[in-house]
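# Results of the structural survey
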Amino acid sequence: MLAAAEATGWTADEAVTRLFAAHYRTLVRLATLLLDDTGRAEEIVSDAYVAMHARWRKLDDTDKALAYLRATVVNRSRSALRHRRVVQRHAVKSSRDAQAVAPSAEAGALARVQQDVMLAALGELPTRQREALVLRYYADLSEAEIAEAMGCSRGAVKSHASRGMAALRNRMEQFT
Amino acid sequence: MTGHPAPDSGASRGDTPDVGAQLRNALEARASRVDIAPDALGDIRRRIAARRARWWMFPALRSRGVTMISISSALAAGVAAVTIGFASCTPATGPTPIPPAGSGGPTATNSSPCACDAPQFTANVPVYYIGANDLLYREFHRIPVGDGSTAARVKAAIVQMLDGRTAYDHNYVSQWPASASVRNVSVSGGVATVDLHGATVNGFDPAGNRAALQQLIWTATAFTGGTGVRLLFDGQPRSTLWASKLPVAGVLHRAPAVDALAPVWVIDPQQNAVSGTSVTINLAGIVFEGTIQLRVRSSAGKVVVSRTVQLTVGAPAQGTATVHVTLQPGTYTVEAYAVSMRDSSKIGPDTHTFTVR
């Protein structure tokens, strides 16, 4: 991670290169957790960097840039999920259900049953609840940072996280 | 991103410690399996360059004294023109050589010519090829993927895979018959059904034939949620394939990675890639204790980087590692290999040549 900084003096090209090295992989992982689709996640994160390049003159600060990248990724992931759900409404339900819980062959033997159940339950949560939990439990963001990334109030973050966690708790109790 | 104390959000803090820990573990495990395509930075740079080029196509935007209103109008016109450009259809051309990820070429999503009303997408898809000892290597190919659906991506990847000449590394091949083509691909419930044409006759080579089948299975199941492949030949299932009588009935699954994959991969830079002076080398391997050797040689053969690299895990799992090096402009060869405990010979060397500019 880059250290917190004031104005960097970087050109937009330089900023993309440096912020790519520092955050690209993490942002792709974040988007993948929100979308469960690595290919789409990479496209969304690439989009975010291209957009950040265009806005760099206004940002010119690594902290602001990271917040911008994160918020862009969250917003675009939400849009992609919305689009996917529209498409899925026309798909055969049984296929959709089976695919939602199918472990990735890429994952190989690393997948564990409990983790798969947890991730499947997370995937079934409303988008906002899922975002709040991923940003808190994967990205380790503070409540204020989560609110900024999601574009909502801290109270809403609390509410989404609390409801999401309650749903996960119920699901895991059923599992055990 | 991990290892920090839980944020003091108060939302659910303390009320569900076990579920919180389980969730954190599950997210970290899932995130650790995310495979980043190589040359993502190059892709972003090309998209930025394309964006700049579009900007400079409209001189009115750059002239002095242009009011904000006229700028807005021109921008709107520019966006409209670009949008129309993307949406208008040009006749589909035949297959063209796909350049390596680092060498330019079409990259922007929706930027490829389309032959239909639906938007055309371009994506980085994993394609497996057969290397030395009939073991598999993976390359990421940025190719048109039709409507961007999972089935379209799988089909595009298999079309690439069937023609071994598409491999960036010329040491990689496909062992499918040259006449093989894809009729159709569908995906349902994590299983890809692949209908092939002209694929039922192949030379008798049991080991090579097994590798070819795994080549297709690994390529076709590389999508998120992929678990298996069902093969059809001209629309019909078969019980066995080729003279080596490989069983191909029902759903086929990947062989264990330790049996199917080459022991060492240089993932990035890919063969013939072009990078800046700051070079990221991504490696993967299924080797004892996860230790591999890395060498980077200049075009004159001088070793400019030599180090032992520790992968994330040792065999039988596939570990990964990322190494950052700074190189002067020029042509280089990166080589990674494991060392035999028995006689110190090289095991599974993988080499790629790339250019630094």
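Residues numbered from 1 in each chain as written. Chains lettered and ligands numbered in written order. Predicted model: local features only at pLDDT ≥ 70, side-chain atom pairs only at ≥ 80, totals over all residues. Heavy atoms only, no water.

### Comments concerning the packing of helix α1 (residues 12–35) of chain A against helix α6 (residues 127–137) of chain A
Helix packing geometry: the angle between the two helix axes and the distance between the axes. All names here are of chain A. Selection rule: The axes are straight lines fitted to the C-alpha atoms, using for helices just the contacting stretch, and the angles between their N-to-C directions are given from 0 to 180°. Elements are defined by DSSP. Helices are runs of H or I of four residues or more, strands are runs of E of two residues or more, and each kind is numbered from the N terminus. By definition, any crossing whose near helix is turned counterclockwise from its far helix by less than a right angle is left-handed, and any crossing with a clockwise turn is right-handed. Any two residues having at least one pair of non-hydrogen atoms within 4.5 Å are treated as being in contact.
In contact at an axis separation of 10 Å, α1 and α6 are set at 145° when each is read in the N-to-C sense. In terms of crossing hand, the pair formed by α1 and α6 is right-handed. Counted together, L30, L33, L34 and L35 of α1 and R130, E131, V134 and L135 of α6 form the full contact between these two elements.

### Description of the packing of helix α5 (residues 150–162) of chain B against helix α6 (residues 206–220) of chain B
All names here are of chain B. For the record, the criterion: Working definition: roughly parallel below 35 degrees, roughly antiparallel above 145 degrees, roughly perpendicular at 65 to 115 degrees, and oblique for all remaining angles. Amino acids are sorted into nonpolar (Ala, Val, Leu, Ile, Met, Phe, Trp, Tyr, Cys and Pro), charged (Asp, Glu, Lys and Arg) and polar (every other residue, Gly among them).
Between α5 and α6, whose axes approach to 9 Å, the crossing angle comes to 150°. The angle between the axes of α5 and α6 places the two elements in the roughly antiparallel class. When the axes of α5 and α6 are compared, the crossing they make is right-handed. Only Q215, L216, T219 and A220 of α6 make contact with α5, whose side of the interface consists of V154, A157, I158 and M161. Partitioning the contact of α5 with α6 into residue classes produces six nonpolar, two polar and no charged.

### A closer look at unusual backbone geometry
Looking along the chain, the bond that leaves D268(B) and enters P269(B) is cis, with omega of 5°. Put simply, A315(B) and P316(B) share a cis peptide bond, and its omega is 10°. Here P316(B) shows up in the loop between β13 (303–310) and β14 (319–326). A positive phi angle, close to 60°, is found at D36(A), a residue other than glycine. Tracing the backbone through its elements, the reader meets D36(A) in the loop between α1 and α2 (38–59).

### Comments concerning the side chain of T221(B)
Where we set the bar: Here a polar contact is taken to be a pair of N or O atoms separated by no more than 3.5 Å, where protein atoms must pair a possible hydrogen donor with a possible acceptor and residues adjacent in sequence count only if both atoms sit in side chains.
By the secondary structure assignment, T221(B) is in the loop between α6 and β5 (228–233). Within the local environment of T221(B), its side chain forms a polar contact with the side chain of R254(B), the two groups lying 2.7 Å apart.

### What about the confidence of the model for chain A?
Residues and elements named next belong to chain A. Put simply, the rule reads: pLDDT is defined as a per-residue confidence score from the predictor, taking values between 0 and 100.
Counting all residues, the mean pLDDT for chain A is 79, and 80% of those residues have values of 70 or more. The secondary-structure element of chain A with the lowest mean pLDDT is helix α4 (residues 93–101), recorded at 43, while α6 shows the highest, at 92. Contacts for the low-pLDDT stretch residues 92–111, under 50 throughout, to residues beyond four places or in other chains number 33 contacts.

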